[in-house]
Amino acid sequence: MVDRAALLIAVDTFFEAAPPVAYAAGDLAELHRALPAAGYNAQKCFLIAGTRTTKTAIESQLARLPKLIGKIDSLLVVFVSRAFSQKGRGYLVCADTILPDLTGTALPLADLISALNKTKCGEIAILLDLDPLTLTGEMVPSGLDENELKKLFDESTTNVGLLACEPNERSFESGQLRHGIWRHHLIEAFTGKIRNGVNKDATLTASALQAFLEDAVPRTLRRTYETPQMQSPRLFGAANAAFVVADLANLVGPSGELLDPGRMKRVVFRAETVGRVKDLTGYRKTHSLPDRANDWARKYVNRIAAVDIKADLDNMFDMIREQFGYKRKDLDVSAERDGMGFIRTPEFEYTVSLAVNSEDPTEVTWRREIGRLSGAEFVRSTGFQAVFGSMFDRLVFEFAEPVDVADFVDRIEDSPPEGVKVGLTSDTDAAEIVLMGFAGRITMTPEAVIIQGHTGSSANLLEQFLVFLMKFAGLGEPKALMG
């Protein structure tokens, strides 16, 4: 097992040298909390912020670092502050850096890297988010020196460096996100929220992380600022970019893909039909029809539909017993008072429910679903087809947590599978995917993937769903997909 350690340093406020770095301490605190789930040894992850970011305090921490982390395989270092260079030498601004003696009270970048190399760790990833500091008398911010960066990283056999921006560019923040933009996407990567570049074994390399940041940061920058801004994440030490910086197996599952069983809440076949409130068994001519879809209407409809729900369950109960040969004790049946009923069996769960139609409160929407399926072969069985084969017109893959539809579309467009077209709404809340040879419709929202076809083709819906998974997730027919 790989032993990973981390040192995070957030210099967000300064005595006099510069204005604060917005959200720096909060961002690194969030990253620090995320590291154990990303494969890091919690006892060897250190966060330096606030009053401990003076030059003396940082140098003390660096001096003690080899003893604190011991023998490790991989070290992650993230340093957030401001930076400048003089005479080809780069400096990191500390909390107590003073203008009369900038170089004497700032931390040389070369000294930072030299101290890290004393850990004798074979893989060190150094991530720098450093806004350039405007020096007295200069018209433009200084930033780090590119030639020095190339020398420090490109000639190293153990280090790879990721910069939030080009040496003389600004690193921007977003008030809406309440994060530094580069740091926001860094946190996304280390928390498994974005799957771009994650390997099949759920590991994330420095090069894959850099590729994701190079793509994500400019896009977020364009959405955040009305006037064009430039921030281009940069990588130094490309020879070492294959280093693994995170193990996300606990977060994304072994496939490392967007659509894997670990993201699934449930898979259900579904059918929805519209009926009239007047047609419910419990309706009486003396009753008033709902004029809005409020709580009273919901309770009223649930009450007068109780007999209809019970009749639906009785009918399904008889067919299920006859077709599958279940014993009485194998079936759990309940007609709830809240407009829903269910039949649970060893191989599936059938539910029926109704709700007031929000667009026309004099109507109700009936929903019937089959979920908790034992497997794909059961759906293909003659028994399933006899009872349910003509009932459903859609198959729904529900996510346990919302997914980023825009990110999914970006991945398809970057490497489009053969025979696939994708459309996207302007607000990126939904995408429609067209598979060659399938006449139905595939819609993706943050909550679910919905495959809709013609009523009476449940098995075909399943086959299209499995084709969809294999195209976009590399999955076959694992039992977990149907549970």
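Report on the accompanying structure. Keep in mind the model is a prediction, meaning the values are calculated, not measured.

Rules used in this analysis
- Residues numbered from 1 in each chain as written.
- Predicted model: local features only at pLDDT ≥ 70, side-chain atom pairs only at ≥ 80, totals over all residues.
- Heavy atoms only, no water.
- Phe/Tyr/Trp six-rings, centres within 6.5 Å; stacked < 30°, edge-to-face > 60°.
- Helix = DSSP H or I, 4+ residues; strand = E, 2+ residues; numbered from the N terminus.
- Buried < 20%, exposed > 50% of the residue type's maximum accessible area, 1.4 Å probe, protein only.
- Arc of directions from axis to C-beta.
- Contact = heavy atoms within 4.5 Å.
- Salt bridge = Lys/Arg side-chain N within 4 Å of Asp/Glu carboxyl O.
- Polar contact = N/O pair within 3.5 Å; in protein donor to acceptor, adjacent residues only side chain to side chain.
- Pairing = 2+ DSSP bridges.
- Axes fitted to C-alpha atoms, helices over the stretch in contact; angles between N-to-C directions.
- Parallel < 35°, antiparallel > 145°, perpendicular 65-115°, else oblique.
- Left-handed = near helix turned anticlockwise from the far one by under 90°.
- Nonpolar A, V, L, I, M, F, W, Y, C, P; charged D, E, K, R; others polar.

1. Overview of the packing of aromatic side chains
Part 1 of the argument: Across all of its chains, the model carries 13 aromatic pairs by this definition.
Part 2 of the argument: Their ring planes at 55 degrees and their centres at 5.7 Å tell us that F324 and F348 sit as a pair that is tilted. Separated by 24 residues along the polypeptide, F324 in helix α10 (residues 306–324) and F348 in the loop between β15 (340–344) and β16 (349–356) bring together distant segments of the chain.
Part 3 of the argument: Given the relative accessible area of 18%, F324 is considered buried.
Part 4 of the argument: Note on F348: relative accessible area 1%, which makes it buried.

2. Here's the deal with helix α5 (residues 146–154)
For an α-helix, 3.6 residues make a turn, and residues three or four places apart therefore share a direction.
Part 1 of the argument: All buried positions along α5 are accounted for by E148, L149 and F153. Down the axis of α5, the buried set is contained in an arc of 115 degrees. They therefore lie on one face. Of the residues in α5, the exposed ones pointing more than 90 degrees away from the buried face are N147 and K151.
Part 2 of the argument: In this fold, the buried residues of α5 make contact with β4 (89–92), α4 (109–117), β6 (123–132), β7 (159–163) and β11 (234–236).

3. Let's talk about the pattern of salt bridges
Pairing is possible between side chains that carry opposite charge, provided their charged atoms lie close to one another.
Part 1 of the argument: Within this structure, the stated rule accounts for 26 salt bridges.
Part 2 of the argument: E146 serves as the salt-bridge partner of R234, at 2.7 Å between the closest nitrogen and oxygen. Of this pair, R234 sits in strand β11 while E146 sits in helix α5, and the two are 88 residues apart along the sequence.
Part 3 of the argument: Here R234 falls in the buried class, since its relative accessible area comes to 19%.
Part 4 of the argument: Residue E146 is classed as partly exposed on the basis of its relative accessible area, which comes to 28%.
Part 5 of the argument: Here the residues in one salt-bridge network are R270, E272, R367, E369, D393, R394 and E398, joined through shared partners.

4. A short note on helix α9 (residues 295–304)
Part 1 of the argument: A297, Y300, V301, N302 and I304 are the residues of α9 that are buried.
Part 2 of the argument: The elements touched by buried residues of α9 are α10, β16 and β17 (363–371).
Part 3 of the argument: The residue sitting at the N-terminus of α9 and contributing the capping side-chain oxygen is N294; that oxygen lies 3.4 Å from the backbone nitrogen of W296.

5. A few points about the pairing of β15
Part 1 of the argument: Sheet topology note: the strand β14 (residues 332–335)/β15 ladder contains four bridges and is antiparallel. Bridge assignment links D332 to a residue of β15, and that residue is R344.
Part 2 of the argument: Pairing of β15 with β16 involves five bridges; the strand directions are antiparallel. Across the sheet, the residue bridging to F342 is T351, located in β16.
Part 3 of the argument: Hairpin connection from β15 to β16: four residues lie between these consecutive antiparallel strands.

6. Here's the deal with unusual backbone geometry
Glycine aside, a negative phi is what most residues show, and trans is what most peptide bonds show.
Part 1 of the argument: Even without being glycine, Y23 reaches a positive phi, approximately 65 degrees.
Part 2 of the argument: Looking at the secondary structure, you find Y23 in the loop between β1 (4–10) and α1 (24–34).

7. Digging into the packing of helix α6 (residues 181–190) against helix α7 (residues 206–224)
Part 1 of the argument: It is the contact of α6 with α7, at a shortest axis distance of 9 Å, that shows an interaxial angle of 135 degrees. By the criterion of interaxial angle, the relationship of α6 to α7 is oblique. For the pair α6 and α7, the sense of crossing is right-handed. Here I181, W182, H185, L186, E188, A189 and F190 of α6 come into contact with α7, specifically with L209, F212, L213, A216, V217, T220, L221 and T224.
Part 2 of the argument: Tallied by class, the residues present in the contact of α6 with α7 amount to 11 nonpolar, three polar and one charged.

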